[in-house]
Amino acid sequence: VAFKDFMAIMGKLQGPGAVTGDCLTKNECLLVLYYLEAVVMLKLLQRPGVVANMTVEDWEGRIRKENGVCVAVKEHKTAASQVAEVPLSDEQELWFDLYFSEVRPVFFKENRTGDNVAFDYFFVSSSGRPIYNPSNDLKRLHDKYNLRSVTCGTARRAFETAAKNLPEVERNAVARLLGHTPETAEKNYRMRTPADAFLAQGVLDQLTGKTRQVSGGDSTRVDVEVAYTNLEQFYPVTVEGPPPKRARRNELCGSEHERHCYDRWRSEQLKLREQHALDHFAGQQPSESTIQKWIDKQGWATNIPQAPVILKQWKPVADLDFVMDSSYVQKLILAQNWKGLTVRTVPDTGEGVFTTRPFQTGEVVCEYHGQLVSREDGMAISSTSGIRAGHLFFYKNQQKKAMCIDAQCHPMKFNYGRLIRHSSKKANIRPRLYVHNDRDIILFIATKSILNDEEILYDYGSMCKSFAGKGLQLN
């Protein structure tokens with residue numbers, strides 16, 4: 001499932017018009033890291049310790065063979081002083097090299113304190129520190145694509161089962177690659193060479209159907225996990241892809257597992273489509289009818305998600321840094337058609353903004369919309385208009401420069417943001433600065449659960465003299 005996205009990123013980093021790692025988003029950099037960790041643990045069946053302890057020295061000392069390269073990981077803490085051989089094809093070596101030269105340096109830049117920097121390690125976290133538990137990264141990758149989590153141990157056991165009926169030479173090659181204990185290492189690894197590792201990898205490719213299809217009577221003996229892995233090799237679960245026909249499923253999975261693999265494939269695609277919808281509507285909760293209209297536009301004939309199910313699953317984004325990744329929020333900003341709000345008169349005060357539905361903590365409520373001007377221009381407008389700051393929002397941009405948004409410049413557009421009243425004690429939203437297409441955007445985020453028919457309020461920051469143009473800090 002992640003392969004298509006991963007290869008798209010690889011395409012950005014090479015060939016005509018290639019970009020540097022600095023041009024990738026944080027999510028793209030993390031996907032490259034997680035995917036390569038998954039290659040080592042699920043494709044090459046190496047334990048998490050190999051990922052955590054592979055060093056730059058190991059990588060630079062890789063041995064070139066006719067089939068590709070072999071990386072010898074010496075301090076992997078999994079097989080009692082046994083060197084772990086990691087065989088990589090020419091294409092995989094290119095992936096790892098692009099990560100090493102373009103993505104890994106980006107992670108070091110994120111470690112601004114210089115604390116515990118893992119310069120000696122090949123795989124590093126997004127903050128440039130050592131990776132202590134690669135299995136967590138593997139789970140994050142599965143969660144991102146809404147897939148059932150498969151551990152390295154599960155994959156290893158599946159291939160062990162499938163290898164039991166192989167010829168002795170091939171069976172021993174798999175045993176040498178897996179090497180569970182010091183006893184098996186002592187028994188099987190004395191003559192271990194890079195050629196042994198490539199032989200073992202060839203056997204694993206055969207077991208997954210990459211170079212040899214499983215058919216006939218043998219197919220019914222294939223472990224169900226291996227059967228499904230075999231199906232995914234040829235028919236990866238994607239948002240748009242159709243499932244394979246029954247005859248093809250019988251060839252790849254065997255008659256015993258064909259139906260199970262088909263149902264599982266469809267189930268995972270349905271989850272993927274549901275997550276696709278949730279990603280589209282991230283930021284602000286849509287109505288059921290809005291979700292249904294979006295689903296209808298996708299053109300899916302079968303395996304169609306249900307709008308009520310998606311609405312029930314909807315939650316605000318876990319990391320507010322990624323709110324602007326939502327195309328739905330971008331559309332709302334462009335149209336200024338914010339949902340769930342109304343304006344009412346507040347006795348003895350004036351107008352206020354009230355909710356017409358509940359809002360969850362972390363949900364986008366609306367934008368403070370207007371024309372961006374300098375602090376000096378904002379102060380001039382304030383003194384000329386005679387209104388202290390009723391339609392002016394002073395803030396500091398990402399370069400710490402004081403700026404101002406003038407909401408009065410759009411008299412024909414209804415602007416909820418400028419009508420929200422001040423409260424330091426009862427505030428239930430807060431402003432947050434984003435940048436999209438080189439434009440500063442102030443979004444109001446719910447800081448607590450907000451009930452239906454409740455007034456939304458935020459702290460203007462009067463005590464820190466933001467009305468004098470000093471500007472709010474909007475981290």
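Right, let's walk through the structure included here. (Residues numbered from 1 in each chain as written. Predicted model: local features only at pLDDT ≥ 70, side-chain atom pairs only at ≥ 80, totals over all residues. Heavy atoms only, no water.)

1. Observations regarding the packing of helix H1 (residues 3-12) against helix H2 (residues 26-43)
Their axes nearest at 10 Å, the elements H1 and H2 cross at an angle of 115°. Remark: the crossing between H1 and H2 carries left-handed chirality. Here Phe3, Asp5, Phe6, Ile9, Met10 and Lys12 of H1 lie close against H2, whose contacting residues are Glu28, Leu31, Val32, Tyr35 and Leu36. Its residues assigned to classes, the contact of H1 with H2 shows 8 nonpolar, no polar and 3 charged. (Axes fitted to C-alpha atoms, helices over the stretch in contact; angles between N-to-C directions. Helix = DSSP H or I, 4+ residues; strand = E, 2+ residues; numbered from the N terminus. Left-handed = near helix turned anticlockwise from the far one by under 90°. Contact = heavy atoms within 4.5 Å. Nonpolar A, V, L, I, M, F, W, Y, C, P; charged D, E, K, R; others polar.)

2. Let's talk about the sheet that holds strand E8 (residues 392-396)
Backbone hydrogen bonds are what pair the strands of a sheet, in a parallel or an antiparallel way. The sheet built from 3 strands is open, its strands ordered E7-E9-E8 with antiparallel pairing. In the strand order of this sheet, the two ends are held by strand E7 (371-374) and E8, each with one partner. For this sheet the average axis-to-axis angle between neighbouring strands, irrespective of direction, equals 30°. (Pairing = 2+ DSSP bridges.)

3. Topic: the packing of aromatic side chains
Scanning all chains against the criterion turns up 23 aromatic pairs. With a centroid separation of 6.2 Å and 70° between ring planes, the pair formed by Tyr35 and Trp95 is classed as edge-to-face. You can see Tyr35 sitting in helix H2 and its partner Trp95 sitting in helix H5 (residues 90-109), a full 60 residues away along the chain. Side by side, Tyr35 and Trp95 carry an identical accessibility label, which is buried. Judged by centre distance (5.6 Å) and plane angle (5°), the rings of Phe100 and Phe122 are stacked. Within this pair, whereas Phe100 is found in helix H5, its partner Phe122 is found in the loop between H5 and helix H6 (134-144), the two being separated by 22 residues in sequence. (Phe/Tyr/Trp six-rings, centres within 6.5 Å; stacked < 30°, edge-to-face > 60°. Buried < 20%, exposed > 50% of the residue type's maximum accessible area, 1.4 Å probe, protein only.)

4. Description of H1
Because an α-helix completes one turn every 3.6 residues, residues spaced three or four positions apart along the sequence face the same direction. By the burial criterion, the buried members of H1 are Phe6, Ile9 and Met10. Seen along its axis, H1 keeps its buried residues to an arc of 105°; they face one direction. Where H1 is buried, its residues contact H2 and H5. (Arc of directions from axis to C-beta.)

5. Re the sheet that holds strand E6 (residues 364-368)
Across the sheet, 3 strands lie side by side as E6-E12-E11; this open sheet has antiparallel pairing. Of all strands in the sheet, those with a lone pairing partner are E6 and strand E11 (429-436), marking the two edges. This sheet shows a mean twist of 35° between the axes of neighbouring strands, independent of strand direction. As paired elements, E11 and strand E12 (residues 439-446) share 8 bridges and run antiparallel to each other. Note on E12: the bridge partner recorded for His436 is Arg439. Its contacts with the sheet place helix H16 (residues 327-335) against E6, E11 and E12, and it is angled at close to 110° to E12.

6. Regarding the nonpolar core
By size, the foremost hydrophobic cluster in this structure holds 106 residues, and its most contacted members are Phe96, Tyr99, Phe123 and Leu443. Ranked by the residues each element gives to this core, the list is headed by H2, at 12 residues. Leaving out residues up to four positions away in the same chain, Phe96 has contacts with Leu36, Val39, Val40, Trp59, Leu88, Phe122 and Phe123. (Core = buried A, V, L, I, M, F, W, Y, C linked by side-chain atoms within 4.5 Å.)

7. Structural notes on the packing of helix H12 (residues 246-253) against helix H13 (residues 258-280)
Axis separation between H12 and H13 bottoms out at 9 Å; the angle between their running directions is 110°. As judged from the angle between their axes, H12 and H13 are roughly perpendicular. Between H12 and H13 lies a crossing of right-handed hand. Residues Arg246, Arg249, Asn250 and Cys253 of H12 form the contact with H13, whose participating residues are Glu258, Cys261 and Tyr262. (Parallel < 35°, antiparallel > 145°, perpendicular 65-115°, else oblique.)

8. Looking at the pattern of salt bridges
Overall, the coordinates contain 18 salt bridges when judged by the stated rule. Of the charged contacts in the structure, one is a salt bridge between Arg249 and Glu258, with a shortest N-O distance of 2.5 Å. Glu258 shares its class with Arg249; the two are buried. A salt bridge links Glu455 to Arg421, with the shortest nitrogen-to-oxygen separation between them at 2.7 Å. Of the two residues, Glu455 sits in the loop between E12 and strand E13 (457-458) while Arg421 sits in strand E10 (residues 421-422), which places them 34 residues apart along the sequence. Under the relative-accessibility criterion, Glu455 is labelled buried at 13%. A relative accessible area of 22% places Arg421 in the partly exposed class. Here the salt bridges share partners, and the residues they tie into one network are Arg62, Arg64, Asp90 and Glu93. (Salt bridge = Lys/Arg side-chain N within 4 Å of Asp/Glu carboxyl O.)

9. Some points on unusual backbone geometry
Although it is not a glycine, Leu45 sits at a positive phi angle of roughly 60°. Take Leu45: it is sitting in the loop between H2 and helix H3 (48-53). Positive phi values are uncommon outside glycine, yet Asp453 reaches one of about 65°. By secondary structure assignment, the location of Asp453 is in the loop between E12 and E13.

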